[in-house]
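A look at the structure
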Amino acid sequence: MVACSVGEQHFLKGGIAQELRTDGRKRLAYRSIYVETGVIPQANGSARVRIGGTDVIASVKAEIGRPSSLQPDKGKVAVFIDCSPTAEPTFGGRGGEELSSELALALQKCLLGGKSGAGAGINLSSLLIQEGRVCWDLYIDGLVISSDGNLLDALSAAIKAALTNTAIPKVQVSAEVADDEQPEIDISDEEYQQFDTSSVPVIVTLTKVGNHYIVDATEEEESQMSSAVSISVNRAGHICGLAKRGGSGLDPTIILDMISVAKHASVTLMNSLDSKISAAEACEDES
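Worth saying up front: this structure is predicted, and the values here are computed from it rather than measured. (Residues numbered from 1 in each chain as written. Predicted model: local features only at pLDDT ≥ 70, side-chain atom pairs only at ≥ 80, totals over all residues. Heavy atoms only, no water.)

**A closer look at the overall build of the protein chain**
When helices and strands are tallied, the protein chain shows five helices and twelve strands. Relative to a compact globule of 287 residues, whose C-alpha radius of gyration would be 19 Å, the protein chain shows 20 Å and is just as compact. Overall, the C-alpha framework of the protein chain stretches about 70 × 45 × 40 Å when taken along its three principal axes. Burial analysis of the protein chain (287 residues in total) assigns 44% to the buried set. Element-wise, carbon and sulfur atoms account for 51% of the exposed surface of the protein chain, whose accessible area totals about 14,100 Å². For the protein chain, the distance from the average site of its 24 positive side-chain charges to the average site of its 39 negative ones is 9 Å. (Helix = DSSP H or I, 4+ residues; strand = E, 2+ residues; numbered from the N terminus. Rg over C-alpha atoms; globule rule 2.2 N^0.38 Å. Buried < 20%, exposed > 50% of the residue type's maximum accessible area, 1.4 Å probe, protein only. Areas by Shrake-Rupley, 256 points an atom, 1.4 Å probe, with all protein chains shown as cover. Lys, Arg positive; Asp, Glu negative; His and termini not counted. Charge placed at Lys NZ, Arg CZ, Asp CG, Glu CD.)

**Regarding helix H1 (residues 6-17)**
The end-to-end C-alpha separation of H1 is 17 Å, in line with the 16 Å expected for twelve residues at 1.5 Å each. Leu12, Gly15 and Ile16 are the residues of H1 that are buried. Buried residues of H1 fall within an arc of 100 degrees about the axis and therefore sit on the same side. Exposed residues on H1 whose side chains face more than 90 degrees from its buried face are Val6 and His10. Structurally, H1 contributes buried residues whose contacts are with strand S9 (202-209), strand S10 (212-215) and helix H4 (219-222). Directly after H1, the chain includes Glu19, whose backbone phi takes a positive value near 65 degrees. (Expected span 1.5 Å × (residues − 1). Arc of directions from axis to C-beta. Contact = heavy atoms within 4.5 Å.)

**Here we look at the sheet that holds strand S12 (residues 239-245)**
Strands sit in the order S10-S9-S11-S12 across an open sheet of four strands; the sheet is antiparallel. Pairing within the sheet leaves two strands with one partner each, and these edge strands are S10 and S12. Averaged over all pairs of adjacent strands, the angle between strand axes in this sheet comes to 20 degrees, irrespective of strand direction. Relative to S12, strand S11 (residues 225-233) runs antiparallel, the two being bridged by six bridges. Across the sheet, residue Ala228 finds its bridge partner in S12, namely Arg245. (Pairing = 2+ DSSP bridges. Axes fitted to C-alpha atoms, helices over the stretch in contact; angles between N-to-C directions.)

**A word on the packing of aromatic side chains**
On inspection of all chains with the given rule, the structure shows zero aromatic pairs. Lying across the ring of Tyr34, Arg50 places its NZ or CZ 4.2 Å from the centre. (Phe/Tyr/Trp six-rings, centres within 6.5 Å; stacked < 30°, edge-to-face > 60°. Lys NZ or Arg CZ within 6 Å of the ring centre and 35° of its normal.)

**Re the pattern of salt bridges**
For the coordinates displayed, the defined rule picks out ten salt bridges. The salt bridge involving Arg27 is made with Glu19; its shortest N-O contact spans 3.4 Å. On the accessibility criterion, Glu19 (34% relative accessible area) is partly exposed. Here Arg31 makes a salt bridge to Asp216, at a shortest N to O gap of 2.7 Å. Here Asp216 lies in the loop between S10 and H4 and Arg31 lies in the loop between H1 and strand S1 (33-37), a separation of 185 residues in the sequence. Pair check on accessibility: Arg31 and Asp216 agree, each one buried. (Salt bridge = Lys/Arg side-chain N within 4 Å of Asp/Glu carboxyl O.)

**Quick word on unusual backbone geometry**
If you check the backbone angles, Glu19 has positive phi at about 65 degrees while not being a glycine. For Glu19, the position within the fold is in the loop between H1 and S1. Backbone geometry at Asn150 places phi at a positive 60 degrees, although glycine is not the residue there. Note on placement: Asn150 falls in the loop between strand S6 (134-146) and helix H3 (151-164). Assessed through its relative accessible area of 4%, Asn150 is described here as buried.

**Some remarks on the confidence of the model for the protein chain**
Per-chain confidence: the protein chain averages 88 in pLDDT, with 93% of residues scoring 70 or above. Per-element mean pLDDT across the protein chain ranges from 84 in S12 up to 97 in strand S2 (residues 45-51). (pLDDT = per-residue confidence, 0-100.)

**Examining the pairing of S6**
The sheet contact formed by strand S3 (residues 54-65) and S6 spans eleven bridges and is antiparallel. Note on S6: the bridge partner recorded for Val60 is Ile140. Direction of pairing for strand S4 (residues 76-83) relative to S6: parallel, over a ladder of eight bridges. Following the sheet pairing, Ala78 is matched in S6 by Tyr139.

This is the structure in structure tokens:
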């Protein structure tokens, strides 16, 4: 955690109030974004994303599984996050474990929506191979390499890039077998299908510093926040999830205004991210 003197606090908050942050950005401007895909050859898909000084990696591993009895017509997705102590000394021990669990839970909700599946960014039905018997299980792992604020947004961007990079093998299932038997499965080594990421959202976190909200807060700016609201928005502009941090309460009318701001900011972020992912995929194909 960054410690700021009283003078530095006044300087930081005063700059934000006048639309001039310490790194020269306006309140709703992002730092430069770097994307690299295919960084983990053993995974079905992977990506590395840097937003300013925040550096994260996401990977996707697809394994054959069995649908749950409650959702026999859908596959399964699990999200795991590891905050490396080398990224931030406070990530060591219990502090890092709690943050990892908090980030994983927020990302899981962002990708899979509520219990009913409403607002889900990943269509679990597309992971089904044979109802009630065979499906794909997706394991999404995120690693925080370097932390300079806005971790949740960076991880969601890395997961979106990794899913875009994901290729799932085509599968042939053997003829019908008895209900209590698992069918034989032939997994292709040559034919793959790309994962559909058209509905996968990005997360926009609005951080309140003083009397104003900013996007893509640095660690220094986060040290002065009173609250933060993370809103996941897909390409269609639909809200997929919302999470709040910090002790300061928020008026419902302010939240509605923040959602409007997040939708606007998400367009810029989504377009920039899609452009960077396409360029990274092209570079990977050429190498």
